[in-house]
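# A structural walkthrough
Each chain, written out:
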Amino acid sequence: TGTEGVTAIHGEMSGFSVRSASLGSQPLIVGAAGEKILIAYGPKATARVLQANAKTLGTTADFEAAKATLGSTPISAFISGGPAVKLLDATLNPDARLKFDSAKPYLQKITYVAVGSEAKGEATTAKMIVGVQK
């Protein structure tokens, strides 16, 4: 689209990268390769995800716990807590950093967030599950 800071990616992975001063020194990379869909901060993180034997979120104990807690409701979004906090930490501007730093001890206790929804008849139920450390 010609949007400044956005670059299309083709090859082993199809997607795009976003570079912005507000995102920090690394680009945010969004893409798909085979059966994997990824959002990663920087090329090193992207390369780790694309490795053939890389662990995916869907194979983690946290994902299984979220799936069990949601029951029959299918997961439509899953966020791993630790990496999400690291991404936020790396991309915040100085003004937002003060608020983030005061909330960080609490945010670091979040192991995952899962969201799902299901329709039954004319009603749709949405659920959000937040896993926290003991």
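Note that the coordinates shown come from a computational prediction; the quantities given were computed from them, not determined experimentally. (Residues numbered from 1 in each chain as written. Predicted model: local features only at pLDDT ≥ 70, side-chain atom pairs only at ≥ 80, totals over all residues. Heavy atoms only, no water.)

Bringing the overall build of the protein chain into the picture now. Secondary structure assignment for the protein chain yields 4 helices and 7 strands. For the protein chain, the α and β elements follow one another from N to C terminus as β-β-β-β-α-α-β-α-α-β-β. Considered along the principal axes of its C-alpha atoms, the protein chain spans approximately 45 × 40 × 35 Å. Within the span of the protein chain, comprising 134 residues, buried residues form 25% of the whole. Within the protein chain, residue pairs in contact and separated by at least 24 positions form 31% of the contacts whose partners lie at least 6 positions apart. Averaging the coordinates of the 14 positive side-chain charges in the protein chain and doing the same for the 10 negative ones gives two points 8 Å apart. (Helix = DSSP H or I, 4+ residues; strand = E, 2+ residues; numbered from the N terminus. Buried < 20%, exposed > 50% of the residue type's maximum accessible area, 1.4 Å probe, protein only. Contact = heavy atoms within 4.5 Å. Lys, Arg positive; Asp, Glu negative; His and termini not counted. Charge placed at Lys NZ, Arg CZ, Asp CG, Glu CD.)

Here we take up the environment of isoleucine 110. Of note, isoleucine 110 is situated in strand E6 (residues 110–120). Exposure remark for isoleucine 110: the relative accessible area of 22% places this residue in the partly exposed category. In contact with isoleucine 110, other than residues within four places in its own chain, are Gly81, Gly82, Val130, Gly131 and Val132.

Another aspect to go through is the nonpolar core. Counting residues in hydrophobic clusters, the biggest one holds 7 residues: Phe63, Ala66, Leu70, Phe78, Tyr112, Ala114 and Ile129. For this core, the elements supplying multiple residues, two or more each, are helix H2 (61–70) and E6. Apart from residues no more than four positions distant in its own chain, phenylalanine 78 is found in contact with Leu57, Asp62, Phe63, Ala66, Tyr112, Val113 and Ala114. Residues Met13, Ile29, Ala33 and Ala40 belong to the second largest nonpolar core, which totals 6 residues. (Core = buried A, V, L, I, M, F, W, Y, C linked by side-chain atoms within 4.5 Å.)

Taken together, the side chains of Val115, Met128, Val130 and Val132 make up a nonpolar region of the molecular surface, amounting to roughly 340 Å² of accessible area. When residues in the nonpolar patch are grouped by element, the largest group, 3 residues, is from strand E7 (residues 123–132). Its location among the elements puts valine 115 in strand E6. Its relative accessible area of 30% is what places valine 115 among the partly exposed residues. (Patch = residues over 30% accessible without salt bridge, like charges linked within 9 Å, V, L, I, M, F, W, Y side chains within 5 Å. Areas by Shrake-Rupley, 256 points an atom, 1.4 Å probe, with all protein chains shown as cover. Salt bridge = Lys/Arg side-chain N within 4 Å of Asp/Glu carboxyl O.)

Time to look at the sheet that holds strand E5 (residues 75–80). Strand order across the open sheet formed by 3 strands is E5-E6-E7, with antiparallel pairing between neighbours. Two strands close off the open sheet at either side, each with one partner strand: E5 and E7. Here the average twist between neighbouring strands, direction ignored, is 10 degrees. For E5 and E6, the ladder comprises 5 bridges, and the chain directions are antiparallel. For isoleucine 79, the partnering residue across the bridge sits in E6 and is valine 113. Sitting on the sheet, helix H3 (residues 81–91) touches E5 and E6, and the angle it makes with E5 is about 65 degrees. (Pairing = 2+ DSSP bridges. Axes fitted to C-alpha atoms, helices over the stretch in contact; angles between N-to-C directions.)

Turning our attention to the sheet that holds strand E2 (residues 14–18). The 4 strands are arranged E1-E2-E3-E4 in an open sheet whose pairing can be described as antiparallel. For this open sheet the edge positions go to strand E1 (6–9) and strand E4 (36–41), each flanked by a neighbour on one side alone. Between one strand and the next, the sheet's axes are offset by a mean angle of 15 degrees, whatever the strand orientation. Pairing between E2 and strand E3 (residues 28–33): 5 bridges, direction antiparallel. Bridge pairing links glycine 15 to glycine 31 in E3. Helix H1 (residues 43–50) rests against E3 and E4 of the sheet, and its axis sits at about 155 degrees to E4.

Fair warning: the whole summary comes from geometry, so function is off the table for now.
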